[in-house]
Amino acid sequence: MEPDNQSAEPMPTILVVDDDFFNLSVFKQCLTPDYEILTATSGELTLQLANGAPKPDLILLDVMMPGMDGYETLSHLKTNPHTQDIPVIFVTGLSSDIDEERGLQLGAADYIYKPYHLSILLARIRTQLELKKARDWLKNQNAFLEAELERRHQENQQVHLQLLQSEKLAAIGQLAAGIAHEINNPIGFVNSNLNTLNAYLCDIFTVLDADDALIAGSPITPDALQKLLELKQQKNIDYLRSDIPELIAESQEGLSRVRNIIQDLKDFSHAKSNDWELSDLHKGIDLTLNIICNELKYHCTVHKEYGDIPKIVCLPSQLNQVFMNLLINAAQAIETKGDITIRTGHNAKEVWVEISDNGKGIDPEHLTHLFEPFFTTKPIGKGTGLGLSISQNIVCKHGGRIEVSSKVGLGSTFQVWLPIRRE
Ligand SMILES: Nc1ncnc2c1ncn2[C@@H]1O[C@H](COP(=O)(O)OP(=O)(O)OP(=O)(O)O)[C@@H](O)[C@H]1O
Ligand SMILES: [Mg+2]
């Protein structure tokens, strides 16, 4: 809610400070009709009243007082956060420029010499009070706007998080749909093979029944034997002999594909994801490729140029996530058809994994922002802009780095460097 400026305003409070009681009573008489008046006869009492309630809106301060003088009193007022915003007008018999300059430098709002014209004093008081009111109003507005900004920021953050959540869920949904498709294929043909095998078995049993009947009705006549042979021919038993092992082999192959997909999924996210272990990066890349093959196979040809790299101590499932992000980015950069090349190699201290694509490339202006969280050029629903920032965090955790080079229209290369030995 915006601050309410309409409510009836209380009379401003003025603290008048003078060690001369006569001066104080004159001030009081002149100001009482329009202002609440507080009085003090020393610097110490001034500080006490300024800190209390009601807080004065303005202080008329004498300079020459026994004990703490006006200048010192003003310095204390200005260093106290509670009193520093109270405007102070010096009203003094000291009329040299040096005194006035000193007072203004210490932060006085105005400087009036005694004896003063009452109308001038009142005008200057009014000006300072109006300025103070305007400043207070601005301060309130500022505080209100800041609170509003913070509230909207929180709201945005909330909406953003929800959006992120739903986008990530959509992405997981897509990946899950791809995997379901991969599993569905072999299950489909294993099922159809089982149906065929069932029909084959019926035929085989029919022939076996006929065989049993022939034996039971012995002696076997040439006619009955001929009938059995004809039945065998009709049921195509010789073909079944060769087809059945093929159907079984094909089904076994299908089921082992399903088993491999499930094993890859398990390995990809295996429970010990926070355990450092000696691991073969090629294995990790291969099983990542298996998991995302559905995203790649229709428009990308993957080429592997693996070098002879040593195993490294790493968090394998987290590195798999890095490879997955880079490979999916590469696939998404290829608009129609293209190639993704995975190269690996090493020097004395580091291994590198390079993922290149001949996709659309990266705008040079974007290169410096790629690893910022939420930086994406993809439409809502397709990219959250987190892939590279998460990947960089993981690689940094390994003491490594990711390098990028790219040419618009020609493609991009991301190179992940990882230390062979952990520091
Ligand atoms: N191989 C690449 N080719 C072209 N642009 C790329 C490539 N890799 C990354 N980018 C650019 O970098 C941006 C950030 O990539 P990042 O992986 O962090 O997020 P994203 O792919 O947009 O979304 P997310 O990975 O969270 O689904 C991408 O939007 C894209 O503009
Ligand atoms: Mg990405």
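Residues numbered from 1 in each chain as written. Chains lettered and ligands numbered in written order. Predicted model: local features only at pLDDT ≥ 70, side-chain atom pairs only at ≥ 80, totals over all residues. Heavy atoms only, no water.

A.B. asks: Which parts of the structure should I look at to understand the site of ligand 1?
C.D. replies: The local shell around ligand 1 holds 20 residues, among which Thr376, Thr377, Lys378, Thr384 and Leu388 are the closest. With respect to ligand 1, the backbone of Leu386 contributes an N or O atom lying 2.9 Å from an oxygen atom. Coverage of ligand 1 by the protein chains reaches 92% of its 600 Å² of free accessible surface. Taken atom by atom, the bulk of ligand 1 overlaps the largest pocket. Taken together, the elements giving at least two residues each to the shell around ligand 1 come down to helix 9 (316-333), helix 11 (387-397) and strand 12 (411-419). Counting residues per element, the shell around ligand 1 draws most heavily on helix 9, which supplies three residues. (Near = heavy atom within 4 Å. Polar contact = N/O pair within 3.5 Å; in protein donor to acceptor, adjacent residues only side chain to side chain. Areas by Shrake-Rupley, 256 points an atom, 1.4 Å probe, with all protein chains shown as cover. 1 Å grid on protein atoms, 1.4 Å probe; cavity = no way out; pocket = protein on both sides within 12 Å on 5 of 7 lines; lining within 4 Å. Sits in = over half its atoms within 2 Å of the grid points. Helix = DSSP H or I, 4+ residues; strand = E, 2+ residues; numbered from the N terminus.)

A.B. asks: Which parts of the structure should I look at to understand the side chain of Ser42?
C.D. replies: In this fold, Ser42 is placed in the loop between strand 2 (36-40) and helix 2 (43-51). Among the polar contacts made by the side chain of Ser42, one reaches the main-chain amide nitrogen of Leu45 at a distance of 3.2 Å. With residues near it in sequence (within four places) discarded, Ser42 still touches Val17 and Met65. (Contact = heavy atoms within 4.5 Å.)

A.B. asks: Can you walk me through the sheet that holds strand 5 (residues 110-113) in this structure?
C.D. replies: Where strands meet in a sheet, backbone hydrogen bonds hold them as pairs that are either parallel or antiparallel. In spatial order, the strands read 2-1-3-4-5; together these five strands make up an open sheet with parallel pairing. A single partner strand is all that each edge strand has here, and the edge strands are strand 2 and strand 5. Going from strand to strand, the sheet's axes swing by 20° on average, the running direction of each strand aside. Relative to strand 5, strand 4 (residues 88-92) is paired through four bridges, and the arrangement is parallel. Along strand 5, the bridge assignment pairs Ile89 with Asp110. Lying on the sheet, helix 3 (residues 70-79) is in contact with strand 3 (58-61), strand 4 and strand 5; it crosses strand 4 at an angle near 175°. (Pairing = 2+ DSSP bridges. Axes fitted to C-alpha atoms, helices over the stretch in contact; angles between N-to-C directions.)

A.B. asks: What should I look at first to understand the layout of surface pockets in this one?
C.D. replies: The volume enclosed by the largest pocket comes to roughly 1,200 Å³. Along the wall of the largest pocket there are 43 residues; nearest its centre are Ile328, Asn329, Gln332, Lys378 and Gly387. Those elements giving two or more residues to the lining of the largest pocket turn out to be helix 5 (118-216), helix 7 (237-268), helix 8 (281-296), helix 9, helix 11 and strand 12. In terms of residue class, the lining of the largest pocket is made up of 20 nonpolar, 15 polar and eight charged. When residues are assigned to domains, the lining of the largest pocket turns out to be shared by domain 2 (171-266) and domain 3 (270-419), each giving three or more. (Points joined across faces, edges and corners; volume = space filled by probe spheres on them. Nonpolar A, V, L, I, M, F, W, Y, C, P; charged D, E, K, R; others polar. Domains from an automatic or database assignment.)

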